[in-house]
Structure formats: structure tokens, C-alpha cells
Amino acid sequence: MDKERISYHESVLKMYERLKEDGVTNVWDRYEAQGLGKNPDQRCAFCMAGTRCDLCSNGPCRADAAKDKRGVCGITADGMAMRMMLLRNIMGASTYHYHADQTVKTLRATAQGKTPFKISDEQKLLGFAKRLGLDTSGSTAEVALQVCDFAEEDFNRKYYEPSRIVDLLAPEERKAKWRKLGIFPGGIYGEMMLATSSCLTNVDGYYVSLALKAMRLGIAMAYQSQIVNEYLQDVLFGTPSPHKIRVDLGVLDPDYVNVLPNGHEPFLGFALIMLARKPEWQAKAKDAGAKGLRIIANIETGQEMIQRWEMDDVFYGFTGNWLMQEAVLASGCVDVFVADMNCSMPIDPIYAEKYKFRLIPVSELIAFEGINERVNYLPEHAEEQAGKLLEMAIANFKERHNKVKPAPELPTGEAIAGFSPESITAALGGSLEPLLDAVKKGTIRGIVGLVSCTSLRDKGQDVHSVEVARNLIKRDILVLSLGCGNAAMQVAGLCSPQASKDAGDGLKGLCEALSIPPVLSFGTCTDTGRLADLIGAVAHALGDVPIPDLPIAAAAPEYMEQKATIDAVFALALGVYTYVNPVPTVTGAPNLVKLLTQDCKDVTGGLLDVEKDAGRAAENILTHIEANRKKLGI
């Protein structure tokens, strides 16, 4: 493939050449092979339009709205496309909630003294407990257990029993809107049941009804799964605060034993760091012939880790996002790849065999063909399990080091990670007022939450995300980046203060005054709920301005998988202007397209914008922000 269709990052381009030389199957060539003719982006027209269904034995069916051609059951193209979107949303919501469930389980076991972890941010725990209306007079452990009990009780409410967490955390204006629309949710498990049952053949084929159910599910997911998950991870491992990190593939050194936690859950990753920092483990690695033992952060598990803990010579660096995975594995530097609940690829066993590393699933969600070893994470056994993984890595070092030629020298960059509502407030002197003043005065025109994956659709890895971000900061729009898109920003240098030279004069001045980058590293896609909480705080601080009227937007320049689709639907329910790319697979559903891109503004206040050109996408966002500034009189 051409360079621009591979990656924005020079390190990945170098590794692509190695993959070609080694004759190994890779994601770029597999993407190209899926295309029709000579166009890698061209696929089945009905699939691209979202108007194909194989949910029952009468199918597969195809629908054509222009001809009123329907599925055998009579479902329209609009119903077909929205039903498939809702099914994707259910997968995303359930995976988010799996993570939240594991976090609650880990906090409970920690409060009971059964894990190697500790409650690192007691004030965060007490503050969150107070927001939930809980008694905070007991011991720290007692309060933590109360929070766990409260969260689990709310998760298990019936779909027709209103969620206490949503009621306590969401803005009043939004709650009133959701109740009026009938989309105020119950417990997340009940909402997933309601949504899944609605997608059965001959149950709900009405695109508007399905869209509203998707929003219900999105609201439940954001407040119950995402906010609970991230706040409790803060309680366990510390609330993010700004610090420097090393990024890109150059953080991999073949002369060290390298263990790479990968996926989305950071529990074993943190346990690995805690052990690897002990002198006896470093001595074991040196006895095996290595210079030492390192934990290298990878993908979203890595992102969770780098946001909270500072780096040293043991917790050494962060590689990047999921499309770099094969490049990472082919580096010749990996000893154990620790695969938890997200973003480990089915192709990984082929890489493990060729590049001589151990591939170990650590979640019951993950399985690989031909891989029989696993260490399913249990909070009570986290230290023992981490030790087992380190032993595997040290034992693997000699074979890997002797048999695999490492990749030539790869670049290393620097970024600042660790921005959160608390750390942003701290950087501004203890309140949001300096940021709000900058918005009011027009120093910055607005704020965009860039909540994105990375995809090969239309352009190479991270190419479009970086283009969109550069266009936004040039227009004096501050960017908060989350998800795999956050790694794109970090590796591309946009999360470094030096990037302010590419910002507009207003944003540049603010960055220089506060010593911050123009793109603030805000975490993973799981932090979408945290971002929604910040948006609610900003709306309140401005005098309870309705969220749809704020000078803000959400952007997903390279959304990829099912968690991204539920994030976008939640953003629409929250009332946020939401830019997405690639074009979603709903174009064959004209009424649904109109609902999402036009009529939704009159329903929730949110709006979906789809635009392939980065400059036009940024200009559309700016137009929306300027219209809201005019509405607010600022």
C-alpha cells in the first residue's frame, strides 16, 4: 500500500517494510485484500449502506428504500440499518460494563485486604461516595464497600426502575429531557436485555423506536459503566495528573526483558510494575542475560496506566494504539504479551511463533486459536499471577534474544499525559474560571472532545485524526483527546507543549501561559463518561446553560468498533454536536440519516455530522461553536 494509506507515524512505516521483508500477514495488506477491484475501500454496496440482514433463516435480506424493497419480514431499510446499529451498541455497552464489573470486584477485594493494591485516592472515594448520597463517617474500607454495594445494586435494577446513579450524576436539564422522551434508563443489565430483545426478528422494526432505545442504553452505559469504572480506578490507582511520558516504538529495547500489558484493564499491568520495581526481579532478569526487566504500556490498558503512574526505568514507555500491534510484535523485543479484554488480534499467535514471545490471555473474554496457556485475572491472586507472567518473560528472554533479529532503531517521542477534570482544575489554580474566562473572552473559541479509535478506512492509521486535530487547534479550539485517538495525538507530538506553535494565536497564548499542550491527553474511550461529567460541570458553572448550547463538540475522526458507536449515540443523547468518520453504514436508510443529521437537534439537541475532509470537518465544528457563542452572547 502507499505510505499515506499505511500510517501517519514513521515508526510504523519502517515496521511495515520489515513485515513485508519477513513475508508476514499484516493488517494493511489484509485491509487492501478486502476491497473490490483495485479500491481497498469499496465493499458490498448493501453492506456499506447498512441494508443487509441475516438475523433469521429467511435471509440474508437486502433492502432498497428507493424501491420500497423490504426484508422478508417487512422491515424497511431504515429499520434494518438502525437495528444493526443497536446490536453493535449492545456489544459496546456490554464490553464497557464488563470492565466496570471487574473494577468494582477489584475495589471490593482491595477494601477487604485481599489484593496487592491499595486505595490510593481516599479523597476521590469520599467525594464520589458523597455524590452518591452515602454515609462517609466509617473507615476508608467501609466507604469503599458501600460504594461497591451501591453500584452493583444500581447495575441490577430492572429497566423500568430508574437508575439512581444517573439521577444523582446527570445534569438536571438533561434528566428532564430524557424523562420527557421516555429514555431515562434503568439498570445497565436491564437496558441491555431490553435492547437485545427489541432486535429479535418481528419485535421492533421501527427505526425511531430503536434509536431511542439506543440512547437509553448509551445513557445507562456512560453513567453506570464509564463513570463508575474510571472513578473507582482513580480510587485504586490514583487520579490522573500531568506528567511526561515516553512514546512510540523506540521505547522497546531488545536487550531488556519486555512485558507488554495490552487491552483495556490495567489491573495486572499495575501489579506487574509493582513487582518489576523490586530489586529481586531485576536481578532475575540480569541473571538471564538481560540489562533488566521493563513493563511497556500498550494500547488502552497502557493508556489507563500512563495516565496515572509516572515512568521510570522499569515502567518505561508507551507504544501506541491497536493498529500498531503487529508492528510492536514484529519488533523482536517482546517476551510476554499480556492480553486482557480488548484489542488483542486473532492473528497474534502467528506473530508469537515467528517472533518468539509468549502470548498469554489474562481474561476469560480472550482466546486465541492454538494458544492453551492462560492466566485469568483474579483480584485476590493478582500478585501471584503477575509473578507467573514475569517468570515466563524472563524464561523467554534467551530464546527470543538469540533467535530474533530486532528491528532497526525506531523513534521515541515525548508527551504529557494525565489530564483529568481534577488536574485541569488544579492547573487553572483550583477552579474552572480561567478556562471559562478564556472561552468567554474568545481566547479559545471552544472545546472538542476527540473520542476516537483508529481505522484504515479512507486513509492510513491516524492520518485523518491528526489532520482533524491540527485543523481544530489552528482555529483556537482546545482538544481533549481520548481512546486510541489519544495515542495518535501522543505519538504524533500534539500532546507536547511544543505543538502550541501550530495552534491559533489565542490557544497558543493560553498554552504558553499554562505550560500545557493544545491537545490534552484525557485518557481512554472509557473516559467518555468522565468527559460528560466535566461537560456537566462546565454547563453548571456557566449558569446551568443547556448542554446543546455550549461551545463544545465531540469528534471521532477514525471510529472503528462497537464501543465507539455507543459513545456516539450517548453524545447525541447528551445533546452534543458529534462529528464522525468514516461514514457510518446507514446511508441506505434515508429517514434514519435525516433523524441523525437533522431531526435529532429538535429531539435531544444533539446532531451527527459526517465529513471526509479534515479541513471542512473542523470548519463545520467551528461554525457550530460560533453559533452557540452568539446564542450565549460571548
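Residues numbered from 1 in each chain as written. Predicted model: local features only at pLDDT ≥ 70, side-chain atom pairs only at ≥ 80, totals over all residues. Heavy atoms only, no water.

A. Spatial organisation of the overall build of the chain. Helices and strands together make up the secondary structure of the chain, namely 25 helices and 15 strands. Radius of gyration (C-alpha) of the chain: 24 Å, near the 26 Å computed for a compact globule of 634 residues. Principal-axis analysis of the C-alpha atoms places the extent of the chain at approximately 65 × 65 × 50 Å. Split into buried and exposed, the 634 residues of the chain put 63% on the buried side. Considering only residue pairs separated by 6 or more positions, the chain has 76% of its internal contacts joining residues 24 or more positions apart. About 23000 Å² of surface is accessible on the chain, with carbon and sulfur atoms providing 51% of the total. In the chain, 69 positive and 80 negative side-chain charges are present, and the distance between their average locations comes to 3 Å. (Helix = DSSP H or I, 4+ residues; strand = E, 2+ residues; numbered from the N terminus. Rg over C-alpha atoms; globule rule 2.2 N^0.38 Å. Buried < 20%, exposed > 50% of the residue type's maximum accessible area, 1.4 Å probe, protein only. Contact = heavy atoms within 4.5 Å. Areas by Shrake-Rupley, 256 points an atom, 1.4 Å probe, with all protein chains shown as cover. Lys, Arg positive; Asp, Glu negative; His and termini not counted. Charge placed at Lys NZ, Arg CZ, Asp CG, Glu CD.)

B. View of a nonpolar patch on the surface. A surface patch of nonpolar side chains, amounting to about 340 Å² of accessible area, comprises Tyr-159, Tyr-160 and Met-193. Here Tyr-160 falls in the exposed class, since its relative accessible area comes to 58%. (Patch = residues over 30% accessible without salt bridge, like charges linked within 9 Å, V, L, I, M, F, W, Y side chains within 5 Å. Salt bridge = Lys/Arg side-chain N within 4 Å of Asp/Glu carboxyl O.)

C. Highlighting unusual backbone geometry. Of note, the bond from Gly-59 into Pro-60 is cis; its omega dihedral lies within 30 degrees of zero at 5°. By the secondary structure assignment, Pro-60 is in the loop between strand 1 (52-53) and strand 2 (61-62). In this structure, Asp-476 is a non-glycine residue whose phi angle is positive, near 65°. With respect to the helices and strands, the residue Asp-476 is situated in the loop between helix 19 (463-474) and strand 11 (477-482). Using a relative accessible area of 15% as the deciding quantity, one classes Asp-476 as buried.

D. A look at the sheet that holds strand 15 (residues 607-610). Here we have 6 strands laid out as an open sheet, ordered 12-11-10-13-14-15, and parallel in their pairing. Here the strands that pair on one side only, and so sit at the sheet edges, are strand 12 (519-523) and strand 15. Recorded for the sheet is a direction-independent mean angle of 25° between the axes of neighbouring strands. Summarising the sheet, strand 11 and strand 12 pair through 4 bridges and their orientation is parallel. Counterpart to Leu-480 in the pairing with strand 12 is Leu-520. (Pairing = 2+ DSSP bridges. Axes fitted to C-alpha atoms, helices over the stretch in contact; angles between N-to-C directions.)

E. Here's a closer look at the packing of helix 11 (residues 267-276) against helix 16 (residues 382-403). In contact at an axis separation of 9 Å, helix 11 and helix 16 are set at 70° when each is read in the N-to-C sense. As judged from the angle between their axes, helix 11 and helix 16 are roughly perpendicular. Each of Leu-268, Ala-271, Leu-272, Leu-275 and Ala-276 in helix 11 lies in contact with helix 16, whose residues at this interface are Ala-382, Glu-383, Gln-385, Ala-386, Gly-387, Leu-389 and Leu-390. (Parallel < 35°, antiparallel > 145°, perpendicular 65-115°, else oblique.)

F. Structural context of the nonpolar core. Judged by nonpolar contacts, the single largest core of 179 residues is most densely connected at Trp-178, Tyr-223, Leu-389 and Ile-621. Residue contributions to this core peak at 18 residues, all from helix 10 (residues 207-237). (Core = buried A, V, L, I, M, F, W, Y, C linked by side-chain atoms within 4.5 Å.)

G. Structural detail: the environment of Pro-349. As for its placement among the helices and strands, Pro-349 is situated in helix 15 (residues 348-355). Its relative accessible area of 14% is what places Pro-349 among the buried residues. For the pair Pro-349 and Phe-368, spaced 19 residues apart in the sequence, the C-alpha separation amounts to 6.9 Å. Residues contacting Pro-349, with those up to four places away along its chain left out, are Leu-359, Phe-368, Glu-369 and Ile-371.

H. Spotlight on the packing of aromatic side chains. Taken as a whole and assessed by the stated rule, the structure comprises 13 aromatic pairs. Between Tyr-16 and Trp-28, the aromatic rings sit 5.7 Å apart at their centres with planes inclined by 80°, giving edge-to-face as the arrangement. In this pair, Tyr-16 is assigned in helix 1 (residues 10-22) and Trp-28 in helix 2 (residues 27-34), connecting sequence segments 12 residues apart. Note on accessibility: Tyr-16 and Trp-28 belong to one class, buried. Counting every residue linked through ring pairs, the aromatic cluster contains Phe-117, Phe-237, Phe-267, Phe-270, Trp-309 and Tyr-377. A cation over an aromatic ring shows up here: Lys-124 above the ring of Tyr-231, its NZ or CZ 4.4 Å from the ring centre. Its guanidinium or amino end placed over the ring of Phe-184, Arg-179 lies 4.3 Å from that ring's centre, counting from NZ or CZ. (Phe/Tyr/Trp six-rings, centres within 6.5 Å; stacked < 30°, edge-to-face > 60°. Lys NZ or Arg CZ within 6 Å of the ring centre and 35° of its normal.)

I. Fine view of helix 16. A rise of 1.5 Å per residue sets the reference length of helix 16, with its 22 residues, at 32 Å; its end C-alpha atoms lie 31 Å apart and thus fit the reference within 8%. At Asn-396, helix 16 shows its maximal bend, which comes to roughly 40°. (Expected span 1.5 Å × (residues − 1). Bend = angle between axes of the 7 residues up to and from the residue.)

J. Just the pattern of salt bridges, in detail. Scanning the entire structure with this criterion turns up 43 salt bridges. One salt bridge connects Lys-20 with Asp-29, and the closest N-O pair in it is separated by 2.7 Å. Residue Lys-20 is classed as partly exposed on the basis of its relative accessible area of 44%. With a closest N to O distance of 2.8 Å, Lys-459 and Glu-467 form a salt bridge. Lys-459 gets classed as partly exposed once you look at its relative accessible area, which sits at 26%. Residues joined in a network through salt bridges with shared partners are Lys-124, Glu-230, Asp-234, Glu-304, Arg-308, Glu-422, Asp-527 and Arg-530.

K. Inspection of the pairing of strand 14 (residues 577-580) at higher detail. Neither face of strand 14 is exposed, since Tyr-577 and Tyr-579 on one face and Thr-578 and Val-580 on the opposite face are all buried. Across 3 bridges, the pairing between strand 13 (residues 552-556) and strand 14 is parallel. The residue bridging Ala-554 from the neighbouring strand is Thr-578, located in strand 14. Once you follow strand 13 into helix 23 (residues 562-574) and on to strand 14, the crossover reads as right-handed. Across 4 bridges, strand 14 lies against strand 15 in parallel orientation. Paired with Tyr-579 across the two strands is Asp-609, which belongs to strand 15. (Right-handed = clockwise from strand over helix to strand, strands pointing away.)

L. Seen up close, the side chain of Thr-239. The residue Thr-239 is located in the loop between helix 10 and strand 3 (243-247) in this model. Of the polar contacts made by the side chain of Thr-239, one reaches the side chain of Asp-121; its length is 2.6 Å. Contact partners of Thr-239, with chain neighbours within four places excluded, come to Asp-121, Lys-124, Asp-234, Ser-420 and Glu-422. (Polar contact = N/O pair within 3.5 Å; in protein donor to acceptor, adjacent residues only side chain to side chain.)

M. Layout of the state of the cysteines. Following the criterion strictly, the structure yields 0 disulfides and no others. Cys-44 forms no disulfide, and the closest cysteine sulfur to it belongs to Cys-47, at a distance of 3.4 Å. Left without a disulfide partner, Cys-495 is nearest to the cysteine sulfur of Cys-511, which lies 11 Å away. (Disulfide = S-S within 2.5 Å.)

N. Focus on the environment of Ala-492. Note on placement: Ala-492 falls in helix 20 (residues 484-492). A relative accessible area of 17% places Ala-492 in the buried class. Each C-alpha atom of the pair Ala-492 and Ala-415 lies 9.2 Å from the other, and the pair is 77 residues apart in sequence. Discounting chain neighbours no more than four positions away, the residues touching Ala-492 are Tyr-8, His-9, Val-466 and Arg-470.

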